[in-house]
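Commentary on secondary and tertiary structure
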Amino acid sequence: MMEVQGLSKAFSGVAAIDDFNLTIREDEYLTLLGPSGSGKSTLLRLLAGLEMPDAGSIRLNGQDITSVPTHMRHLGFVQQKYALFPHMSVSDNVAFGLRFREVDPIADEAVVSRRVKDMLALVGLSDLGARMVGQLSGGQKQRVSLARTLVTEPKICLLDEPLGALDANLRERMTVELKKIREALGVTFMHVTGNEAEAIAMGDRMIVLDRGRLLQVDHPDVIFRTPASISVARYINAYNILEGGSDASHFRFGEAAFPLPPSVPDLGYYAVRFDAARVLAEGEAAPENSACMSARFIASEFMGSQVTYIFRLHNGGTFEVVRHLSREDPVVYERDQQCTICWGASDGLLFDKEGNLVPVASGGGVAQ
Ligand code: ADP
Ligand code: MG
């Protein structure tokens, strides 16, 4: 278990990691989502000991390791660039971490060879042990890099955008494999990504980072259903975010007004999940307890089993409606056609003027 407390690091007076607190559990898959420049790599480098914090502490299983050098931390780090030896074979690259590590190097070649073989089997490279790394594809290099780190049996494995260089197909396959490999070894993974779908699909828990600050940490489905702030809602790319104001009973967005539960404080934003909204058929009345507004159709996008309808709002913004084709047929709209979009009034997420989620109790009314 790793406990990070008040960790801060600035470069030339600008905070890259700002008062970061987190407990990393044993045997968990933790994903870390943040836009480019939000401090993801800096955080991993701090945890790995490649960067010294300005403030804060890191404890590993109760021991303060804040100033323990990198090679004594028993952490694995798969960096953004593979950093493999191109003139060495796959096996030698993987064996390197065992033969030459500073703590407890393994001299018995039979042991090295067995562990390398087991690890190559785990990452699906059994047939390629003798191949030179320079002759591998991107996906294969990624596996070698992972194998080289995991063979040293780290307590926690830090992965910096491990799938970033792979094409979409391979990326999808590797997400499944990474999960399997992690489960087989029972080692904690902290997987950094700029891709929200990856963070949501892979993590047992997920962290959202923005400008060096932790915005939210929770199970991905909790973050997905109840993003703690407008920034989180934006980064997970699943919500339409409408900026407006509220009175006692309604959220006002231009001409539209969406009913609110009783005793809501002043609101600044209202968010509707892409898949919570639907488009009314021509002449169809708005269902009871719904919120509706009118918008102009721009385009449809088909993606596998779902279709996204994209609308233009009065303020120039867009609004997306995602429908699953297993449940209904796609509908063709004319470009610029004026449509009515509706969602259940209780499906709207409410945010105050600072952009923080206003929790609403399931029975209606603001949660205390
Ligand atoms: P991410 O990995 O999320 O893209 P980084 O951790 O690489 O973000 O960077 C966070 C911020 O810290 C950026 O503004 C970046 O320019 C700055 N930064 C990172 N490393 C250094 C460094 N060694 N020297 C100066 N600035 C740095
Ligand atoms: Mg980075």
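For the structure given in this document, a descriptive report is provided here. Along each chain, residue indices are assigned from 1 in the same order as the chain's sequence is written. Starting at A for chains and at 1 for ligands, labels are handed out in the order in which the entities are written. At least 70 in pLDDT is required for a residue's local features to be given in this predicted model, at least 80 for side-chain atom pairs to be given and counted, and no such filter applies to totals for whole chains, interfaces and linings, which use all residues. For the side-chain quantities, the full set of heavy atoms in the structure was used; hydrogens and water were omitted.

1. Quick look at the state of the cysteines
Worth spelling out the cut-off: Defined by distance alone, a disulfide is two cysteine sulfur atoms within 2.5 Å. Put simply, DSSP marks the helices as runs of H or I at least four residues long and the strands as runs of E at least two long, and each gets a number from the N terminus on. Here's how the labels work: a residue is buried when its accessible area is under 20% of the maximum for its type, exposed when over 50%, partly exposed in between, all with a 1.4 Å probe on protein chains only.
This structure, assessed with the given rule, holds one disulfide. A disulfide bridge connects C292 with C342, and the sulfur atoms are separated by 2.1 Å. The S-S bond linking C292 to C342 shows a torsion near 95°; that makes this disulfide right-handed. Separated by 50 residues along the polypeptide, C292 in strand β17 (residues 290-303) and C342 in strand β20 (residues 338-344) bring together distant segments of the chain. Here C339 is not cross-linked by a disulfide; its sulfur's nearest cysteine counterpart is in C342, at 11 Å. For C339, a relative accessible area of 5% corresponds to the buried category.

2. Considerations on the sheet that holds strand β7 (residues 156-160)
Note the cut-off: Here, any two strands with at least 2 DSSP bridges between them count as paired. Angles run from 0 to 180 degrees between N-to-C directions of axes, and those axes are lines fitted to C-alpha atoms, restricted for helices to the stretch in contact. Throughout, a residue-residue contact means that at least one pair of heavy atoms, one from each residue, lies within 4.5 Å.
Spatially, the six strands line up as an open sheet ordered β6-β7-β8-β3-β9-β10, and their pairing is mixed. Two strands close off the open sheet at either side, each with one partner strand: β6 (75-78) and β10 (213-218). If you compare each strand with its neighbour and ignore which way they point, the axes differ by 15° on average. When β6 meets β7, the two strands line up parallel, connected through four bridges. Pairing of G76 across the sheet is with C157, part of β7. Contacts between helix α5 (residues 168-185) and the sheet are confined to β3 (29-33) and β8 (188-193), with β8 contributing the most and set at about 155° to the helix.

3. Examining the site of ligand 1
The line we're drawing: Throughout this document, a residue counts as near a molecule or strand when at least one of its heavy atoms sits within 4 Å of that molecule or strand. Distance and chemistry together define a polar contact, namely a pair of N or O atoms within 3.5 Å, with one atom able to donate a hydrogen and the other to accept it when in protein, and with adjacent residues in sequence counting only for side-chain atoms on both sides. Accessible surface is estimated by sampling points in the Shrake-Rupley manner with a 1.4 Å probe; for residues, cover comes only from the protein chains shown. Side-chain classes are defined by residue name, with Ala, Val, Leu, Ile, Met, Phe, Trp, Tyr, Cys and Pro counting as nonpolar, Asp, Glu, Lys and Arg as charged, and the others, Gly among them, as polar.
With respect to spatial proximity, the complete set of residues near ligand 1 consists of F11, A16, P35, S36, G37, S38, G39, K40, S41 and T42. With respect to ligand 1, the side chain of K40 contributes an N or O atom lying 2.9 Å from an oxygen atom. T42 is positioned such that a nitrogen or oxygen atom in its side chain is 2.6 Å from an oxygen atom of ligand 1. Contact with the protein chains covers 54% of the free accessible surface of ligand 1, which is 560 Å². The element best represented in the shell around ligand 1 is helix α1 (residues 40-48), accounting for three residues. Tallied by class, the residues present in the shell around ligand 1 amount to three nonpolar, six polar and one charged.

4. Observations regarding the nonpolar core
Operational definition: What is meant by a nonpolar core is a set of buried Ala, Val, Leu, Ile, Met, Phe, Trp, Tyr and Cys residues, joined one to another through side-chain atoms within 4.5 Å.
Within the largest apolar cluster, 34 residues are counted, with the highest numbers of intra-cluster contacts made by V94, V144, L146, L150, L178 and F189. Contributing elements (two or more residues each) for this core: α2 (90-99), α3 (109-122), α4 (138-150), β7 and α5. Sequence-distant contacts of L146, that is, excluding residues within four places in its chain, are made with V78, V123, L159, L178 and I181. In terms of nonpolar packing, the next biggest core, distinct from the first, is built from 28 residues, F253, M293, A295 and I341 among them.

5. Observations regarding the environment of D204
Within the secondary structure, D204 is located in the loop between α6 (196-202) and β9 (205-210). The sequence separation of D204 and P220 amounts to 16 residues, and the corresponding C-alpha distance is 7.1 Å.

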